[in-house]
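The lines below spell out each chain.
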Amino acid sequence: MRSKSEKPSENLLEELQTALSHGTVARRVEALRRVTDLFINNAVDYSDEHVRVFDDVFQCLIEQIEASARALLANRLAPIAAAPPKIIRTLALDEVIEVSGPVLTKSERLDEATLIEIARTRGQAHLKAISLRRVLSEALTDVLVARGNEDVVQSTVSNPGARLSEGSLTDLVTRAERDDDLAACIGLRPDLPRHHYLKLIAKASLSVRRKLEAAHPELADEVSSVVQEATQRVRAAAMTRQTEMARALVRSLHEDGRLNELQVTSFAEQGKFDETNAGLAALAGVTVETAKNMMIESRNEGVMVLAKVAGMQWTSVRAIIAMREKLSGGSKTDMLTLRDAYEALRSSTAQQVLRFHRMQQGTTPAA
């Protein structure tokens, strides 16, 4: 050590011997403060051997001292790149977050293996402290993303020094579908791969989407296209589930003998297209796809043919036609004219038209 520190060091050595052999906790704390001062004031001049000596002394002095004294030591040593490594590890492993937190966040002396060990075994407060480090490797962020709560994950994603693996990004983008704050944090990362960005924004809320579009104006056109495609897929998936549920309900009613004209009319009056379509198909003895193709025709003849084959009254047909108009947003039709046409339509003619539809579509009558 430098010559100007020799005398104080000699005095300190005597204090250390006293404190370590039979000193009180107060004397240990005071000795710890003086050793810390000595180390910090001359840290740049110490050799590796000197640092090892200080390491051993620190380890001895922190035994049986209160957490507040350990926390003070952690705060003072954490920013020092050449801090003694063993005491840094000991402080980092401390269960008291006020002690371990400063080291977990700031110390560059802390090795990654220890950081990963702590991230895998300690609580959320310790994970949050780690997430604030200047640099986070992919291996470390993988653990933080996997174990962290919302606060830890968002802190990790918001850290510009955090490197996110492909696996973590995939997981985060999926989570962000239910978390607008997380979606915004991920989308604003400059290193976010393009394919993850487009997947993220396709499912983001309108407010998040606007924020991300403003941050990435060069992708505005592509984003618009992706959003439209995603919206169409979501609608198609929702329609498929809804249609299957409706068909299952009608099939159950038909098998139980509870499906009749009154039930189909009720479906139409409630605006339930899928149920009405499936019910009309069952009563007319055709497949639901055949009925659907005839139901979505721009003109009303298809509906009237199905209804006539099913033997339905005009009041029921009127309800189905009214439902079609409401759902399509089309103009009102002349119900009186349609009523006359329906009443004039013969069942035999309707059967022939229906056979023609089946022949065009290559379908057979429903069993």
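The rules behind each value
- Residues numbered from 1 in each chain as written.
- Predicted model: local features only at pLDDT ≥ 70, side-chain atom pairs only at ≥ 80, totals over all residues.
- Heavy atoms only, no water.
- Helix = DSSP H or I, 4+ residues; strand = E, 2+ residues; numbered from the N terminus.
- Buried < 20%, exposed > 50% of the residue type's maximum accessible area, 1.4 Å probe, protein only.
- Contact = heavy atoms within 4.5 Å.
- Areas by Shrake-Rupley, 256 points an atom, 1.4 Å probe, with all protein chains shown as cover.
- pLDDT = per-residue confidence, 0-100.
- Core = buried A, V, L, I, M, F, W, Y, C linked by side-chain atoms within 4.5 Å.
- Polar contact = N/O pair within 3.5 Å; in protein donor to acceptor, adjacent residues only side chain to side chain.
- Lys, Arg positive; Asp, Glu negative; His and termini not counted.
- Salt bridge = Lys/Arg side-chain N within 4 Å of Asp/Glu carboxyl O.
- Axes fitted to C-alpha atoms, helices over the stretch in contact; angles between N-to-C directions.
- Parallel < 35°, antiparallel > 145°, perpendicular 65-115°, else oblique.
- Nonpolar A, V, L, I, M, F, W, Y, C, P; charged D, E, K, R; others polar.
- Arc of directions from axis to C-beta.
- Phe/Tyr/Trp six-rings, centres within 6.5 Å; stacked < 30°, edge-to-face > 60°.
- Lys NZ or Arg CZ within 6 Å of the ring centre and 35° of its normal.
- Left-handed = near helix turned anticlockwise from the far one by under 90°.

Peer 1: Help me get a handle on the overall build of the protein, residues and values and all.
Peer 2: Each helix and strand counted, the protein has 22 helices and zero strands in total. When each of the 367 residues of the protein is scored for burial, the buried share is 42%. Taking as baseline every contact in the protein between residues at least 6 positions apart, the subset at least 24 positions apart corresponds to 62%. Only carbon and sulfur atoms are counted for the fraction: they give 52% of the accessible area of the protein, which is about 19,800 Å².

Peer 1: Residues and numbers for the confidence of the model for the protein, please.
Peer 2: Scored by pLDDT, the protein has a mean of 83; 81% of the residues are at 70 or more. When mean pLDDT is taken per element in the protein, helix α8 (residues 124–131) scores highest with 98 and helix α1 (residues 6–22) scores lowest with 54. In the model, residues 1–10 has pLDDT below 50 throughout and makes 12 contacts with residues more than four positions away in sequence or in other chains.

Peer 1: Quick one: what's the story with the nonpolar core, residue by residue and with numbers?
Peer 2: In terms of nonpolar packing, the biggest core is built from 43 residues, with F39, F58, L77 and I130 touching the most fellow members. Residue assignment for this core shows that the elements contributing at least two residues are α2 (25–42), α3 (48–61), α4 (67–77), α5 (85–92), α6 (97–106), α7 (112–121), α8 and α9 (138–147). The next biggest cluster of nonpolar side chains, apart from the first, holds 31 residues, and it includes V250, L259, A284 and Y342.

Peer 1: Give me the side chain of R324: which residues, what numbers.
Peer 2: Among the secondary structure elements, R324 is positioned in helix α20 (residues 314–328). One polar contact links the side chain of R324 to the main-chain carbonyl oxygen of M295, over a distance of 2.6 Å.

Peer 1: Now, about the side chain of E275: what can you tell me, with residues and values included?
Peer 2: Structurally, E275 is set in helix α17 (residues 273–284). K272 provides the closest opposite charge to the buried, unpaired E275, separated from it by 5.1 Å. Once residues within four sequence positions are removed from consideration, E275 is found in contact with A246, L249, V250 and F267.

Peer 1: Please provide a residue-by-residue account of the pattern of salt bridges, values included.
Peer 2: Here the structure, examined in full by the defined rule, presents 15 salt bridges. As a salt-bridge pair, D56 and K86 come within 2.9 Å of each other at their nearest N and O atoms. Taken as a pair, D56 in helix α3 and K86 in helix α5 lie far apart in primary sequence, 30 residues in all. The shortest N-O distance in the salt bridge between R163 and E138 comes to 3.9 Å. Of this pair, R163 sits in the loop between α10 (150–158) and α11 (166–175) while E138 sits in helix α9; the two residues are 25 residues apart in sequence, bridging distant segments of the chain.

Peer 1: Report on the packing of α4 against α6, specifying residues and quantitative values.
Peer 2: Relative orientation of the contacting elements α4 and α6 amounts to 5°, with a least axis distance of 8 Å. The orientation of α4 relative to α6 falls into the category roughly parallel. Between α4 and α6, the contacting residues are A67, R70, A71, A74 and N75 on the first element and E98, V99, P102 and V103 on the second. The residue inventory of the contact of α4 with α6, partitioned by class, reads six nonpolar, one polar and two charged.

Peer 1: For helix α16 (residues 261–269), give the residues involved together with the corresponding values.
Peer 2: All of the buried residues in α16 are V264, T265, F267 and A268. For α16, the buried positions fall inside an angular range of 155° around the axis, keeping them on one side. For α16, the exposed residues lying more than 90 degrees away from the buried face are L262 and E269. Put simply, N260 is the residue that caps the front of α16, since its side-chain oxygen is 3.2 Å from the backbone nitrogen of L262. Remark: G271 follows α16 within two positions and exhibits a positive phi of approximately 75°.

Peer 1: Can you tell me about the environment of D274, naming the residues and giving the values?
Peer 2: With respect to the helices and strands, D274 occurs in helix α17. Its relative accessible area of 12% is what places D274 among the buried residues. When the C-alpha atoms of D274 and R247 are compared, they prove to be 7.1 Å apart, with 27 residues separating the residues in sequence. A polar atom in the side chain of D274 sits 3.3 Å from the side chain of T243.

Peer 1: Account for the packing of aromatic side chains, naming residues and giving values.
Peer 2: Think of a pair of aromatic rings as described by two things: how far the centres are apart, and how the planes are tilted against each other in angle. In this structure the tally under the stated criterion is six aromatic pairs. Taking 5.1 Å as the distance between ring centres and 65° as the angle between the ring planes, the aromatic pair formed by F39 and F54 counts as edge-to-face. You can see F39 sitting in helix α2 and its partner F54 sitting in helix α3, a full 15 residues away along the chain. Residues F39 and F54 agree in their burial class; the two are buried. Classification of F54 by relative accessible area gives buried; the value is 5%. Pairwise contacts between aromatic rings join F39, Y46, F54 and F58 into one cluster. The positively charged end of K308 is found above the aromatic ring belonging to Y342, 4.2 Å away from the centroid.

Peer 1: Give a description of α8 that names residues and reports values.
Peer 2: Taken together, the buried positions of α8 are H126, L127, A129, I130 and S131. Buried positions along α8 lie against α5, α6, α7, α9 and α10.

Peer 1: A description of the packing of α9 against α10 should follow, citing residues and the corresponding values.
Peer 2: Put simply, α9 and α10 touch, their axes get as near as 8 Å, and they point 150° apart. In terms of axis orientation, α9 runs roughly antiparallel to α10. Classified by chirality, the crossing of α10 by α9 is left-handed. Residues T141, L144 and V145 of α9 lie in contact with α10, whose contacting residues are V152, V153 and T156.

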